[in-house]
Amino acid sequence: MTRFLILFVVLLAFSIALMAAMLAQYGYSLFAPEMRSMLLVAFLVAGYVSFRISRIIDRRKQRLEDHPKPGGAGKSKLSGLFTGKSAAQQAREARVTARRKKLVEAGKLEEEVQADAAVESEDAGPTRVSQAAPIKDRMAARAERVRRAKEAGKLD
C-alpha cells in the first residue's frame, strides 16, 4: 500500500505540474473552475497507473519468492528459461505421492518396481536413435520398440 501511495503522489504531482505548465503557456489556469474535469482525469489516471505498477511489482516479487534462485538468478530477464517446478506442481506431486502410498498400503495398487525396469532397459539396448542415423538402425530400433510393446501386451 505504501508503494501505491508513493507512486500515486509522485505521478499526480508530475501530471499536474506538466498540465499546469502547458496551460500556462497558452494563458489558462489549471485551477480554474472549467478545468475540474482535467484535474479529475489526472487524479484517476495517476491512481490507475500507480495501481497497475504496484500490482506488477507485487507479482514479480511473489514469483521470486515462490521460485527462489541461487545467486540472484531470479532477477535476470532470462531466468524464466531455467526455472524449476512451480509451487503448484510440487504440491500436486506431493498429493499424488501420498495418495499412491495410501493405495499401496490398502492393497489396491501394487508398488512400482523401477529398479527392475531400469536393468531390463539397459540389457535390451536403446530403443531410440537419432534421425541422422542410417535407415537400417532406425528400422531396427522401431522393430525393438514394437517387440517390447507386444511383450508388454500393448499391441496385438
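The following paragraphs examine the structure supplied in this document. Keep in mind that what you see is a predicted model, and the values were worked out from it rather than measured.

1. Notes on the overall build of the protein
Regarding its fold elements, the protein presents five helices and zero strands. Helices and strands appear in the protein in the N-to-C order α-α-α-α-α. Put simply, the protein has 156 residues, and 13% of those count as buried. Of the roughly 13,100 Å² of accessible surface on the protein, 60% is carried by carbon and sulfur atoms.

2. Re helix α3 (residues 87–106)
Over its 20 residues, α3 extends 29 Å from the first C-alpha to the last, a length consistent with the 28 Å expected when each residue adds 1.5 Å. Just past α3, the residue Gly-107 takes up positive phi, approximately 85°.

3. A word on the packing of helix α1 (residues 2–25) against helix α2 (residues 36–66)
Orientation of α1 relative to α2, taken along the N-to-C sense of each, is 145°, at an axis distance of 8 Å. The chirality of how α1 crosses α2 is right-handed. Residues belonging to the contact of α1 with α2 are distributed by class as follows: 17 nonpolar, four polar and two charged.

4. Looking at the packing of aromatic side chains
All told, the structure shown has two aromatic pairs when counted by the stated rule. On the numbers, 6.1 Å between centres and 15° between planes, the contact of Phe-4 with Phe-8 is stacked. One end of the pair is Phe-4 and the other is Phe-8, both in helix α1 and four residues apart, which spans about a single turn. When sorted by exposure, Phe-4 lands in the same class as Phe-8, which is buried. Each ring, one from Phe-8 and one from Phe-43, has its centre 5.1 Å from the other, and the planes form 90°; the classification is edge-to-face. Within this pair, whereas Phe-8 is found in helix α1, its partner Phe-43 is found in helix α2, the two being separated by 35 residues in sequence. On the basis of relative accessibility, which here comes to 14%, the residue Phe-8 falls in the buried class. Put simply, the rings of Phe-4, Phe-8 and Phe-43 pair up and form one aromatic cluster.

5. Description of a positive patch on the surface
On the surface, Arg-52, Arg-55, Arg-59, Arg-60 and Arg-63 cluster together into a patch of positive charge. For Arg-60, the location among the structural elements is in helix α2.

6. Notes on the nonpolar core
For soluble globular proteins, the rule of thumb is that nonpolar side chains tend to be buried together. Among the nonpolar cores identified, the biggest contains five residues, and these are Met-19, Leu-23, Leu-30, Met-35 and Ala-42. With sequence-adjacent residues up to four places away left out, Leu-23 is seen in contact with Tyr-28, Leu-30, Met-35 and Met-38.

7. What about the side chain of Ser-54?
By secondary structure assignment, the location of Ser-54 is in helix α2. Taking relative accessible area as the criterion, Ser-54 reaches 7% and is therefore assigned buried. Within the structure, Ser-54 has its side chain in polar contact with the backbone oxygen of Phe-51 (distance 2.9 Å). Non-local contacts of Ser-54, meaning those with residues more than four positions away in its chain, are made with Arg-3, Phe-4 and Leu-7.

8. Some words on α2
Because each turn of an α-helix spans 3.6 residues, side chains separated by three or four positions in sequence point in the same direction. Here α2 is 31 residues long and its end C-alpha atoms lie 45 Å apart, about the 45 Å a rise of 1.5 Å per residue gives. Within the span of α2, buried status applies to Ala-42, Ala-46, Gly-47, Ser-50 and Ser-54. Buried residues belonging to α2 abut α1.

Parameters and conventions
- Residues numbered from 1 in each chain as written.
- Predicted model: local features only at pLDDT ≥ 70, side-chain atom pairs only at ≥ 80, totals over all residues.
- Heavy atoms only, no water.
- Helix = DSSP H or I, 4+ residues; strand = E, 2+ residues; numbered from the N terminus.
- Buried < 20%, exposed > 50% of the residue type's maximum accessible area, 1.4 Å probe, protein only.
- Areas by Shrake-Rupley, 256 points an atom, 1.4 Å probe, with all protein chains shown as cover.
- Expected span 1.5 Å × (residues − 1).
- Axes fitted to C-alpha atoms, helices over the stretch in contact; angles between N-to-C directions.
- Left-handed = near helix turned anticlockwise from the far one by under 90°.
- Nonpolar A, V, L, I, M, F, W, Y, C, P; charged D, E, K, R; others polar.
- Phe/Tyr/Trp six-rings, centres within 6.5 Å; stacked < 30°, edge-to-face > 60°.
- Patch = residues over 30% accessible without salt bridge, like charges linked within 9 Å, V, L, I, M, F, W, Y side chains within 5 Å.
- Salt bridge = Lys/Arg side-chain N within 4 Å of Asp/Glu carboxyl O.
- Lys, Arg positive; Asp, Glu negative; His and termini not counted.
- Charge placed at Lys NZ, Arg CZ, Asp CG, Glu CD.
- Core = buried A, V, L, I, M, F, W, Y, C linked by side-chain atoms within 4.5 Å.
- Contact = heavy atoms within 4.5 Å.
- Polar contact = N/O pair within 3.5 Å; in protein donor to acceptor, adjacent residues only side chain to side chain.

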